[in-house]
Amino acid sequence: MAGLKPKADPSNQRPLEYARCLMEHQFPVSKVSMESYKERKANYSQTLTGLGKWWGRKPLVLVRATLLGLLLPASDDPVKDREIFLKLMTMDEDGLLLRKNKSISQVRLLEELRRMPPSVQSRFLDSEAPPENPRLNRRLSREEKAELQRLVFERMPYTEKLQYCLRPEQIEGPSPEAWEEINVHLGTDASSLTELVQELGQRRFGHRPRVGDSFCGAGSVPFEAARLGCDAYGSDLSPVAALLTWAALNIVGGGKKVAEQVHKAQKEIFEAVDRQITDWGIEHNEEGWRADAFLYCVEVKDPESGWMVPLAPSWVIGEKTRTIARLVPDPAQRCYDIEIHEGVTDEEMESAREDGTVKDSRLIPPDGKPSTPMEVIRRNLRLWENDDLVPRPDDVFQERLYCIRWVEIYYEINDGQEVKELKKDQAQALPNFPLLLESGELKEKKRRHYRAPSKADLKREQKVLALLKERFPDWQGKGYIPSRRIEPGYNTTQPIRERGWTSWHHLFTPRQLLIAGLIISQLNNLLSKISVSASVLLCLGRYCDWNSKLCRWHPHGANEKTEQTFSNQALNTLYNYGSRSLSALEKAWVLSFPAISLTGEGKTKTIDGKQVDEYLDIWITDPPYADAINYHELSEFFLAWYEKLILKIFPEWYADSKRALAIRGNDPVAFRQSMVDCYKRLVKHMPDNGLQVVMFTHQDAGVWADLALILWAAGLRVTAAWCIATETDSALKQGNYVQGTVLLVLRKRTEEDSVFLDEIVGRMEEEVRRQIDTMVALEDESDPNFGDADYQLAAYAAALRVLTERPIEEIDPAREIMRSRRPGEENPVAQLIRDAVKIACDHLVPRGIERDLWKGLSPLERFYLKGLEVESHGEHRSGVFQELARGYGATDYTDLLNSDKANQARLMTASEVGSKMVSGEGFAQTIIRQVLFAAFLVVKSEEIRDGLNWLKSEVPDYWASREKIIHILDYLAALGRISGLDHWQKDAEAAGLLAGAARNDHI
Ligand SMILES: C[S@@+](CC[C@H](N)C(=O)[O-])C[C@H]1O[C@@H](n2cnc3c(N)ncnc32)[C@H](O)[C@@H]1O
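Cut-offs used in this document
- Residues numbered from 1 in each chain as written.
- Predicted model: local features only at pLDDT ≥ 70, side-chain atom pairs only at ≥ 80, totals over all residues.
- Heavy atoms only, no water.
- Helix = DSSP H or I, 4+ residues; strand = E, 2+ residues; numbered from the N terminus.
- Rg over C-alpha atoms; globule rule 2.2 N^0.38 Å.
- Buried < 20%, exposed > 50% of the residue type's maximum accessible area, 1.4 Å probe, protein only.
- Contact = heavy atoms within 4.5 Å.
- Areas by Shrake-Rupley, 256 points an atom, 1.4 Å probe, with all protein chains shown as cover.
- Lys, Arg positive; Asp, Glu negative; His and termini not counted.
- Charge placed at Lys NZ, Arg CZ, Asp CG, Glu CD.
- Pairing = 2+ DSSP bridges.
- Axes fitted to C-alpha atoms, helices over the stretch in contact; angles between N-to-C directions.
- Phe/Tyr/Trp six-rings, centres within 6.5 Å; stacked < 30°, edge-to-face > 60°.
- Lys NZ or Arg CZ within 6 Å of the ring centre and 35° of its normal.
- Parallel < 35°, antiparallel > 145°, perpendicular 65-115°, else oblique.
- Left-handed = near helix turned anticlockwise from the far one by under 90°.
- Nonpolar A, V, L, I, M, F, W, Y, C, P; charged D, E, K, R; others polar.
- Near = heavy atom within 4 Å.
- Polar contact = N/O pair within 3.5 Å; in protein donor to acceptor, adjacent residues only side chain to side chain.
- Salt bridge = Lys/Arg side-chain N within 4 Å of Asp/Glu carboxyl O.
- pLDDT = per-residue confidence, 0-100.
- Core = buried A, V, L, I, M, F, W, Y, C linked by side-chain atoms within 4.5 Å.

(A) The overall build of the chain, seen in detail. Looking only at helices and strands, the chain features 38 helices and 23 strands. What you see for the chain is a C-alpha radius of gyration of 33 Å, in line with the 30 Å of a compact globule of 1003 residues. Across its three principal axes, the chain shows a C-alpha extent of roughly 100 × 75 × 75 Å. For the chain, buried positions account for 57% of its 1003 residues. Restricting the contact set of the chain to residue pairs at least 6 apart, pairs at least 24 apart contribute 74%. Summing over all exposed atoms, the chain offers an accessible surface of approximately 42800 Å²; the carbon and sulfur share of this is 48%. Of the charged side chains in the chain, 132 are positive and 151 negative, and the gap between their average positions amounts to 4 Å.

Below, the structure is given as structure tokens:
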């Protein structure tokens, strides 16, 4: 793609259109969360992930929804606006049907049919089948089958529907019928998303929208923007990120032709390297088998016994193949042989698991010898020098090849009577070998064998080292293998401290270096084609991620194999690790991506966010905020490989991680200042009617307050905020917290007249209430969009909307940011935000509770009733209860929790509170406490009278409070009917009986 058109002169902007956009008014958070989750779960079949490793990628569907949400206007018919938005996203009923590409199983069809009216059942069920064992009518026509699929699909909840659907990006877009409706509502004339985006951009900005991200990472924002037809821009401090973004725009987005060129080049390189390796004979053994994995371990001298001990936390090699390594003492040499055994017994597996020689950072020698902390062993660690490719003989940590997994290719021939096995060479010697294969009479088969290295294998290791040594100076000079030293840092010090590795190439075995060098030496032939050379660099990146000494050997699962270097966000050294052979790398190494032709134009740059010089209408950014990932350090792992080559391909870039400029959280004041500088820069580079969305991970009010000050100081004002759950299962499982990505919608602050704080407090309250009411009014009860946390979040946003609208006399955000605070000291916005949440909480009356009653309740009572409502939605994250308590100002809330375990938090039932807190101050004095106790008495004595008498004697002015008491009892009684609240069964029943008795009670 060509670059962007020349920069627009800010002073020449066309007349501006300031109409509120849809995302400033509403956003389908629940559906976008589910779609984002689906995309994340697709792992490697996500559109851009096949290009290489990056951290914190944002789902493309989220970017699409954001962009459309910013470009679409908010009309005075919010319900229709939502309908149209969902149509555009193909997240409405018709769109989902369009995306449905999988058939619903018979079992599921029958299950759902059971719940349908008999008239429908009779159309699809076999009338002869017994009712207890129904089956589908076998004579259903194609149309009838399709109709049944549709009927059942439409009854499914959204999450389930998604299991049968492609992602929105995988289809063309809305149907022609949908376009008709869309155009009528919007007054447009579009038949595709790109046409619509063009029209909306024209209206809002006077031209095709220019959209960018100055922290673009792996390029989700520019890619999706370009796909929607915008002029897209992506820049990042890291050249690794810029390369991924460039590739997203130009390789994935380059259409079929580029895809073909890239695949062809990759294939050629792979074959050339493969030929060379085969020629050298370094991956084949005497039987003709080819290795696919080499397992290495570290070996150290035990200071207590003087024996050399191989290290591994466990000696299990494969759970499925039941393969283990066994250490056999060699007293003469004071070392251990390592035997490899396949198909061992349960007991042998267990002892291999137990007999690891390193546990809890201690060396545990076999035979019960005393253990030694690894720290002690590391004391004599030598720092490696550039030429060290393997440990020197007297180094503390030696490296030892202890197992090779071989792949044997053999053939089965079926001569009509029996199936015979043939060795590879026997089969290939058959005169009609190709014909037999083609006819299927001869079948190629694979078998894997784990073996300890033989003498010949060790010789091959030596040969690899010799081949590498021969090439090493030349290859380093040419940049085929890294020569950069590892600069110490939060993550990068670890390999230096733990293994003495001082240069990046020390993180690789000679075998890994040799193959990588071979791959990259092919690049020179390809430099004329920029997309092809860039793709080879990315291949190299993937190769290194999948093949370093930091790749853990994974003995579990169907395929026992090595993991990625970056299976987590660290540079952890390992005691034993796996290395792949070239053949086992083919899938990991080759780029896999769909070929997409982007309509918009794209531009990529390596530049510090504070220096951005592109003038855009919309900035969507996801800064490195509170995600604790050291992008700059981790990317140096890749940059060490790209160093010289990337500049040949992109001469205008740099090849440095620019650590000093990276935004990171270790110094809060510097961090805030850099963020302000970056966002000030963006404000300068957008028109007055421009829009921004800042994405960040949802955390407590403190983080919000901090970010609010930053953006405020940068000259932005908040107009809305939405929270999307983008985390995948595993992340959510650990999450006891309200997880999610917040999308903060912002505009340039143009108001200059300042106000005093007390002038805005009343408006803030009003705005919070208005926000909540708008959301409640928009809510669709049968298909809820907002959860409890969304309302709190909306309150933050509403408060910030008022707060950041114009300057405030008492608060100078720029000064506040620079102030370092004492522990516990808050920024002045934090309290305002907390107040806003309290207003929202107080305003949000639980369903089934009357507003008048609610108004008279204490904070702890409100927390309790609201907490029960939250629980009834299946919510058990302790963080949610914590936030709720914060919102209500219910400080002693933990007294009311039965459990505060991460994902099992819940409130105590009446019986569980029992006779606690019946006397004294606080909760004991409240009407809710008395009602709970009364219900408990009924459960305990099975006498309704006991409960009623308690209420009459203990509630001051019982008769005046009777209506309230009945109302609360009804609320508790209803809990018994909610699935998931089984623990309330008895108490709810008692509350019901008590409510009846109180109703019938007369003076
Ligand atoms: C959360 S990631 C962005 C991920 C991106 N949205 C994606 O979907 O892949 C934050 C990015 O900020 C970049 N970064 C850190 N400091 C920067 C700076 N001073 N200027 C520009 N980018 C910076 C990091 O390299 C990282 O790629």
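(B) Structural view of the sheet that holds strand 2 (residues 231-236). Judged by pairing direction, the sheet is mixed, and its 7 strands sit side by side in the order 17-2-1-18-19-21-20 without closing on themselves. Bordering the open sheet on either side are strand 17 (602-606) and strand 20 (716-724), each of which pairs with just one other strand. Strand-to-strand twist in this sheet, taken as the mean axis angle between neighbours without regard to direction, amounts to 20 degrees. Packing against the sheet, helix 2 (residues 60-71) makes contact with strand 1 (210-213), strand 18 (618-621), strand 19 (691-697), strand 20 and strand 21 (741-748), and its axis sits at approximately 150 degrees to strand 18.

(C) Summary view of the packing of aromatic side chains. A complete count under the given rule lists 29 aromatic pairs for this structure. Plain terms: the ring middles of F270 and W589 are 5.7 Å apart, the flat faces sit at 45 degrees to each other, and that makes the pair tilted. Placement of F270 in helix 13 (residues 255-280) and of W589 in helix 22 (residues 582-589) is noted, with a sequence separation of 319 residues between them. We note that F270, like W589, is buried. Plain terms: the ring middles of Y296 and Y577 are 5.7 Å apart, the flat faces sit at 20 degrees to each other, and that makes the pair stacked. Remark: Y577 occurs in strand 16 (residues 576-580) and Y296 occurs in strand 3 (residues 290-301); sequence separation between them is 281 residues. Assessed through its relative accessible area of 1%, Y577 is described here as buried. Here the aromatic cluster, defined as three or more aromatic residues joined through ring pairs, consists of W54, W55, W504, F508, F566, Y631, F637, F638, W641 and Y642. The side chain of K369 reaches across the aromatic face of W307, ending 4.3 Å from its centre. Sitting over the ring of F294, R511 keeps its end group 3.9 Å from the ring centre.

(D) Expanded view of the sheet that holds strand 9 (residues 362-363). Strand order in the open sheet made by the 3 strands is 8-9-10, with antiparallel pairing throughout. Of all the strands in the sheet, just strand 8 (358-359) and strand 10 (372-373) have a single pairing partner and so form its edges. The pairing of strand 9 with strand 10 spans 2 bridges and is classified as antiparallel. Bridged to R362 within strand 10 is P373.

(E) Seen up close, helix 33 (residues 878-888). Of all 11 residues that make up helix 33, 9 are buried, and the element is covered over most of its length. The complete set of buried residues in helix 33 reads S878, G879, V880, F881, E883, L884, A885, G887 and Y888. Buried positions along helix 33 lie against helix 28 (788-803), helix 30 (828-843), helix 31 (851-855), helix 32 (859-872), strand 22 (897-899) and strand 23 (906-907). Of the residues trailing helix 33, G889 is marked for its positive phi of about 70 degrees.

(F) Region of the structure containing the packing of helix 21 (residues 530-546) against helix 22. Their axes nearest at 9 Å, the elements helix 21 and helix 22 cross at an angle of 120 degrees. By the angle between their directions, the pair helix 21 and helix 22 is classed as oblique. For the crossing formed where helix 21 meets helix 22, the hand is right-handed. Between helix 21 and helix 22, the residues in contact are C539, L540, R542, Y543 and W546 and L585, K587, A588 and W589, respectively. The class makeup of the residues in the contact of helix 21 with helix 22 is 7 nonpolar, no polar and 2 charged.

(G) Spatial organisation of the site of the ligand. Residues in contact with the ligand amount to 24 residues; listed here are only the nearest, K58, A218, D236, D608 and G609. Between the ligand and D236, the relevant distance is 2.7 Å, taken from an oxygen atom to a side-chain nitrogen or oxygen of the residue. In the environment of the ligand, a nitrogen atom lies 3.0 Å from a nitrogen or oxygen atom belonging to the backbone of L661. Counted by class, the shell around the ligand contains 11 nonpolar, 6 polar and 7 charged residues.

(H) Focus on the pattern of salt bridges. Here the structure, examined in full by the defined rule, presents 68 salt bridges. Residue R108 is joined to E160 by a salt bridge in which the shortest nitrogen-to-oxygen separation is 2.5 Å. Linking R108 in helix 5 (residues 106-113) with E160 in helix 8 (residues 158-163), this pair joins segments that are 52 residues apart in sequence. Accessibility expressed as a relative area gives 13% for R108, which makes it buried. Classification of E160 as buried rests on a relative accessible area of 15%. Among the ionic pairs, R460 bridges to D457, the shortest N-O distance being 2.6 Å. Here D457 and R460 lie together in helix 18 (residues 455-478), a separation of 3 residues that amounts to about one turn.

(I) Region of the structure containing the confidence of the model for the chain. Here the chain shows a mean pLDDT of 90. Residues at 70 or above account for 96%. Segment residues 1-16: pLDDT under 50, and 35 contacts once partners within four positions in sequence are set aside and those in other chains are kept. In the predicted structure, residues 728-738 sits below a pLDDT of 50 and forms 31 contacts with residues beyond four places in sequence or in another chain.

(J) Looking closely at the pairing of strand 19. Within strand 19, 6 of the 7 residues are buried, leaving the element largely enclosed by the surrounding structure. Strand direction decides the pairing type here: strand 19 and strand 21, joined by 6 bridges, are antiparallel. Paired with Q692 across the strands is L746, a residue of strand 21.

(K) How the structure looks around the nonpolar core. In this structure, F27, Y679, W704, F863 and L972 are the most contacted members of the largest nonpolar core, which totals 272 residues. With 32 residues, the next largest nonpolar core counts C297, L327, A352 and Y575 among its residues.

(L) Molecular detail of the pairing of strand 11 (residues 398-414). Buried residues dominate strand 11, accounting for 14 of its 17 residues. With 9 bridges connecting them, strand 3 and strand 11 associate as antiparallel partners. Its bridge partner lying in strand 11, C297 is registered against R400. Direction of pairing for strand 11 relative to strand 13 (residues 442-451): antiparallel, over a ladder of 10 bridges. Bridge pairing in strand 13 links I409 to K446. Relative to strand 12 (residues 419-423), strand 11 is paired through 5 bridges, and the arrangement is antiparallel. By the bridge assignment, Y411 is partnered in strand 12 with L422. Linkage of strand 11 to strand 12, two consecutive antiparallel strands, is achieved through a turn of 4 residues, within which G416 is found at a positive phi near 95 degrees.

(M) Structural context of the environment of S361. Turning to its location among the elements, S361 is positioned in the loop between strand 8 and strand 9. Assessed through its relative accessible area of 53%, S361 is described here as exposed. On a C-alpha basis, the gap between S361 and T372 in space is 8.8 Å, while along the polypeptide they are 11 residues apart.

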